[in-house]
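Examining the three-dimensional arrangement
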Amino acid sequence: MIPVTKPFLPPREEYNKYLNDIWDRQWLTNHGPLVNELESSLKRYLHASNLLFLSNGTIAIQIAIKALDLSGEVITTPFSYVATTSTIVWENCKPVFVDIDPLTFNIDPDKIEAAITEKTTAILATHVFGNACNIDQIQAIAKKHQLKVIYDAAHCFGSLYNGSSVFEYGDISTCSFHATKIFHTVEGGAVFTTQPELIDRMALLRNFGHTSPVTFDGIGINAKNSEFHAAMGLCCLEHMNEIFKTRKAQWHRYQAALQESNKVQLLTITKGCDFNCAYFPVVFESEAVLLKVMAALNLQYIQPRRYFFPSLNTINYVDNNSCPNSESIAQRVLCLPLYHTLRKEDQDLILKVVLKNI
Ligand SMILES: *Cc1c(COP(=O)(O)O)cnc(C)c1O
């Protein structure tokens, strides 16, 4: 079976080394030494100003919304994983969907201003597939209208924008370190910000609002992560350069084989973005072609995924403002398998089946 992604697992002995230390210390969670070490290693690796390691990428968005004290309407993208929308609703805000750019699949900044009302407090945009939004334009709009900006950068480990980590942009950026993501800690996530006071606030939110064992400053939740998860992150981090190298070569092989075809549309990388090659999305001419390609791949035990479907403005707990570009792309897009151990011959087979069925 060739799945859409396989988690990277480091050599067992590398993880075992951390386990021995954990057993010696008997310190399993609550800001242990491995969590601290992972946070400083990530900071160095990514050239990030500040970050907090959290239990997952969904709670990272919820904590970002809480830390910025958002209410009312939040302008967001309909083309993302469901967590981008569900977190807004979970935090009692109303998502207002703005359609995407049909080439980059990210929120179209030219359409944002028309969606701003007196109730709008923020923009929550996803850098989908690891490809940065037009950040310069979004930040200019936010500044003009005094809106907060959160970027759901769940796919962006290693992506740059104008030479800096994409995590350095917006009031807060969030990432997911789920096993399916390019860098993972089994389950995990992070918040990033360049504003030290926001990191302090989010650190309180992550740990029940504790300022000491017996004092609290405001409401909090449990968004901590464990020594075992941090250990997996530390192991994976050692291999990231090699993972990126393989991933980029695989991505470019797909790109070279499909870019000449006028039957499929491939991702256009945003100007200024140094892309991490996290996903390889292909947009077909129609949903019927997509289903045909998918069935043909499944016959060969190849499992691509419909990332992202459905368009989030159509799910049953939001007001559906029409987003024709997102709805059309969501119906026609498939992500091809891409992971560290995907073999050349598997990739050739995938390409053969795709090209034969479009
Ligand atoms: C994976 C993902 C999330 C959620 O992250 P988890 O770590 O799985 O909670 C949020 N947004 C996007 C765009 C994602 O792909």
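Presented here is an overview of the structure given in this document. If you're wondering where the values come from, they're calculated on a predicted model, not measured in any experiment. (Residues numbered from 1 in each chain as written. Predicted model: local features only at pLDDT ≥ 70, side-chain atom pairs only at ≥ 80, totals over all residues. Heavy atoms only, no water.)

Secondary structure summary: the protein contains 11 helices and 15 strands in total. In summary, the protein has a C-alpha radius of gyration of 20 Å against a globular reference of 21 Å for 358 residues, a match within 12%. Reported as C-alpha extents along the three principal axes, the dimensions of the protein are approximately 65 × 55 × 35 Å. Expressed as a percentage of its 358 residues, the buried residues of the protein come to 56%. For the protein, long-range pairs separated by at least 24 residues make up 70% of all intrachain contacts whose partners lie at least 6 apart in sequence. (Helix = DSSP H or I, 4+ residues; strand = E, 2+ residues; numbered from the N terminus. Rg over C-alpha atoms; globule rule 2.2 N^0.38 Å. Buried < 20%, exposed > 50% of the residue type's maximum accessible area, 1.4 Å probe, protein only. Contact = heavy atoms within 4.5 Å.)

A separate point is the nonpolar core. Among the nonpolar cores identified, the biggest contains 98 residues, and Phe79, Phe129 and Phe157 are the most heavily contacted of them. Sorting elements by how many residues they give to this core places helix α7 (residues 227-238) first, with seven residues. Counting contributing residues per domain, this core is built from domain 1 (12-237) and domain 2 (240-356), each supplying no fewer than three. Ignoring anything within four residues of it in the chain, the contact list for Phe157 reads Leu42, Tyr45, Leu46, Phe167, Phe177, Ile182, Phe183, Leu237, Met240, Phe244 and Asn276. Residues Ile59, Leu70, Ala122 and Leu205 belong to the second largest nonpolar core, which totals 24 residues. (Core = buried A, V, L, I, M, F, W, Y, C linked by side-chain atoms within 4.5 Å. Domains from an automatic or database assignment.)

Once that is clear, we can look at the site of the ligand. Residues in close proximity to the ligand total 14 residues, the closest being Thr58, Asp152, His155, Ser176 and Lys181. Measuring from an oxygen atom of the ligand, one finds a backbone N or O atom of Gly57 at 2.8 Å. One of the side-chain N or O atoms of Thr58 is found 2.6 Å from an oxygen atom in the ligand. For the ligand, whose accessible area on its own is 380 Å², the fraction buried by protein is 91%. Elements supplying a minimum of two residues to the shell around the ligand: α3 (57-67) and α4 (83-90). Tallied by class, the residues present in the shell around the ligand amount to three nonpolar, nine polar and two charged. (Near = heavy atom within 4 Å. Polar contact = N/O pair within 3.5 Å; in protein donor to acceptor, adjacent residues only side chain to side chain. Areas by Shrake-Rupley, 256 points an atom, 1.4 Å probe, with all protein chains shown as cover. Nonpolar A, V, L, I, M, F, W, Y, C, P; charged D, E, K, R; others polar.)

What follows deals with the sheet that holds strand β14 (residues 280-283). The strands that make up a sheet pair up through hydrogen bonds in the backbone, lying either parallel or antiparallel. In space, the three strands of this open sheet follow the order β12-β14-β15, with antiparallel pairing throughout. Each edge of the open sheet carries a strand with a single partner, namely β12 (265-266) and β15 (333-336). Where β12 meets β14, two bridges bridge the pair, whose relative direction is antiparallel. Counted as the bridge partner of Leu266 is Val282 from β14. Sheet strands touched by helix α10 (residues 324-332): β12, β14 and β15. Its angle to β15, the strand with the most contacts, is close to 45°. (Pairing = 2+ DSSP bridges. Axes fitted to C-alpha atoms, helices over the stretch in contact; angles between N-to-C directions.)

With that settled, the discussion passes to helix α11 (residues 344-357). The terminal C-alpha atoms of α11 lie 20 Å apart, and with 14 residues this matches the ideal 20 Å at 1.5 Å per residue to within 8%. Taken residue by residue, α11 has Asp346, Gln347, Ile350, Leu351, Val353, Val354 and Asn357 as its buried positions. For α11, the angular spread of buried residues about the axis comes to 165°, placing them on one side. Residues of α11 that are exposed and point more than 90 degrees away from the buried face comprise Lys344, Lys352 and Lys356. (Expected span 1.5 Å × (residues − 1). Arc of directions from axis to C-beta.)

Once that is clear, we can look at the pairing of strand β9 (residues 189-192). Here β9 shows two buried faces, one formed by Gly189 and Val191 and the other by Ala190 and Phe192. One ladder, built from four bridges, connects strand β1 (residues 51-54) with β9; its direction is antiparallel. When the sheet's bridge partners are listed, Leu51 is paired in β9 with Phe192. Both strand β8 (residues 172-176) and β9 contribute to a ladder of four bridges, which runs antiparallel. The partner of Cys175 across the bridge, within β9, is Ala190.

Moving on, we come to unusual backbone geometry. In this structure, the amide linkage connecting Tyr307 to the following residue, Phe308, adopts the cis form with an omega of -5°. With respect to the helices and strands, Phe308 occurs in the loop between α9 (287-299) and α10. Cis geometry is found at the peptide bond from Phe309 to Pro310, where omega equals 0°. Tracing the backbone through its elements, the reader meets Pro310 in the loop between α9 and α10. Backbone geometry places Asp69, a non-glycine residue, at a positive phi of 55°. Along the chain, Asp69 turns up in the loop between α3 and β2 (73-76). With relative accessibility at 65%, the residue Asp69 sits in the exposed group. Even without a glycine there, the phi angle at Gln146 is positive, about 50°. Its location among the elements puts Gln146 in the loop between α5 (135-145) and β5 (148-152). Take Gln146: its relative accessible area is 73%, and that puts it in the exposed class.

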